[in-house]
Amino acid sequence: MNIKRLGVLVVLALLLAQCQEKPNTAFLISEAQVGKLQRTAVIDDINTLFAKDSVVQDTTAYRLGAQVKKINIYEKGGKHLLTVTPSTDSIPEVETIQVFDARYRTPEGVGLQSTFKDIKEHYTIKKIITSLNNIVIFPKDSDIYFTIDKEELPGGLRYSSTNVEAVQIPDAAKIKYLMVGWE
């Protein structure tokens, strides 16, 4: 009887191990991918990778042999997922990706609905660039970068051209843009 129970337990354990779901990478942002889009992909792969979605590009430029400037990827039903900017190489690759869908997240869970506090907790900040209307945060050892609207900052920093330091950014400041640069 004990041997039968042990055999049943072993079989159940094997079945459970095989039934474990693989992690869903459809909306994962990592150093090697953004969802279905792998870092090694060339622009011509996008139509195949997103065959079930809508890929929109400037067809006039494409027909004239000019470089396509941006490729917008929409989910069936119209939700904007990504905008891809190709490189200017002879075989264009993905240079930058702007994420529009909040389902895309890093392994740490940081996405468009995250705040500056989430960025600080999961990344070491390499530098912050201040522009007229935004600040751009570049994490160390990462191709991901975040933009925060200056409207999220305290009043004195909103209209100033001085460099913003990490300690001056409120924890609750929301991410405006999430970008990946594979240059």
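Figured I'd write up the structure that's included with this text. Here the structure is a predicted model, which is why all the values come from computation and not from measurement. (Residues numbered from 1 in each chain as written. Predicted model: local features only at pLDDT ≥ 70, side-chain atom pairs only at ≥ 80, totals over all residues. Heavy atoms only, no water.)

### As for the overall build of the protein
Now for step 1: Helices and strands together make up the secondary structure of the protein, namely 5 helices and 10 strands.
Now for step 2: Counting over 183 residues, the protein shows a buried share of 36%.
Now for step 3: Of the roughly 11,500 Å² of accessible surface on the protein, 54% is carried by carbon and sulfur atoms. (Helix = DSSP H or I, 4+ residues; strand = E, 2+ residues; numbered from the N terminus. Buried < 20%, exposed > 50% of the residue type's maximum accessible area, 1.4 Å probe, protein only. Areas by Shrake-Rupley, 256 points an atom, 1.4 Å probe, with all protein chains shown as cover.)

### Some details on the environment of V110
Now for step 1: With respect to the helices and strands, V110 occurs in the loop between β6 (94-99) and α4 (116-122).
Now for step 2: On a C-alpha basis, the gap between V110 and E121 in space is 9.9 Å, while along the polypeptide they are 11 residues apart.
Now for step 3: When neighbours within four sequence positions are excluded, V110 is seen to be in contact with Y104, R105, D118, I119, H122, Y123, F146, I175 and L178. (Contact = heavy atoms within 4.5 Å.)

### Focus on the packing of aromatic side chains
Now for step 1: Evaluated as defined, the whole model comprises 3 aromatic pairs.
Now for step 2: Aromatic side chains Y123 and F146 sit 5.9 Å apart centroid to centroid with 55° between the ring planes, which places their arrangement in the tilted category. Taken together, the positions of Y123 in the loop between α4 and β7 (125-130) and F146 in strand β9 (residues 144-149) put the pair 23 residues apart, joining distant regions of the chain.
Now for step 3: Above the plane of the ring of F138 lies K127, whose end atom (NZ or CZ) is 5.4 Å from the centre. (Phe/Tyr/Trp six-rings, centres within 6.5 Å; stacked < 30°, edge-to-face > 60°. Lys NZ or Arg CZ within 6 Å of the ring centre and 35° of its normal.)

### Remarks on the nonpolar core
Within soluble globular proteins, side chains that are nonpolar tend to cluster in buried spots.
Now for step 1: Counting residues in each nonpolar core, the largest one holds 36 residues, and the members touching the most others are V34, L37, L82, V84, I97, F146 and I169.
Now for step 2: Going through the elements one at a time, β4 (71-74), β5 (80-86), β6, α4, β8 (134-139), β9 and β10 (177-181) are the ones with two or more residues in this core.
Now for step 3: For L82, the residues in contact, after removing those within four places along its chain, are V34, F50, I71, N72, I73, I97, Q98, V99, F100 and Y104. (Core = buried A, V, L, I, M, F, W, Y, C linked by side-chain atoms within 4.5 Å.)

### Regarding the pattern of salt bridges
Now for step 1: Following the criterion strictly, the structure yields 8 salt bridges and no others.
Now for step 2: The salt bridge involving D171 is made with K120; its shortest N-O contact spans 2.5 Å. Within this pair, whereas D171 is found in the loop between α5 (155-158) and β10, its partner K120 is found in helix α4, the two being separated by 51 residues in sequence.
Now for step 3: Since its relative accessible area comes to 35%, D171 is described here as partly exposed.
Now for step 4: With a shortest N-O distance of 4.0 Å, E151 and R158 are connected by a salt bridge.
Now for step 5: According to the relative accessible area criterion, R158 is partly exposed, its value standing at 28%. (Salt bridge = Lys/Arg side-chain N within 4 Å of Asp/Glu carboxyl O.)

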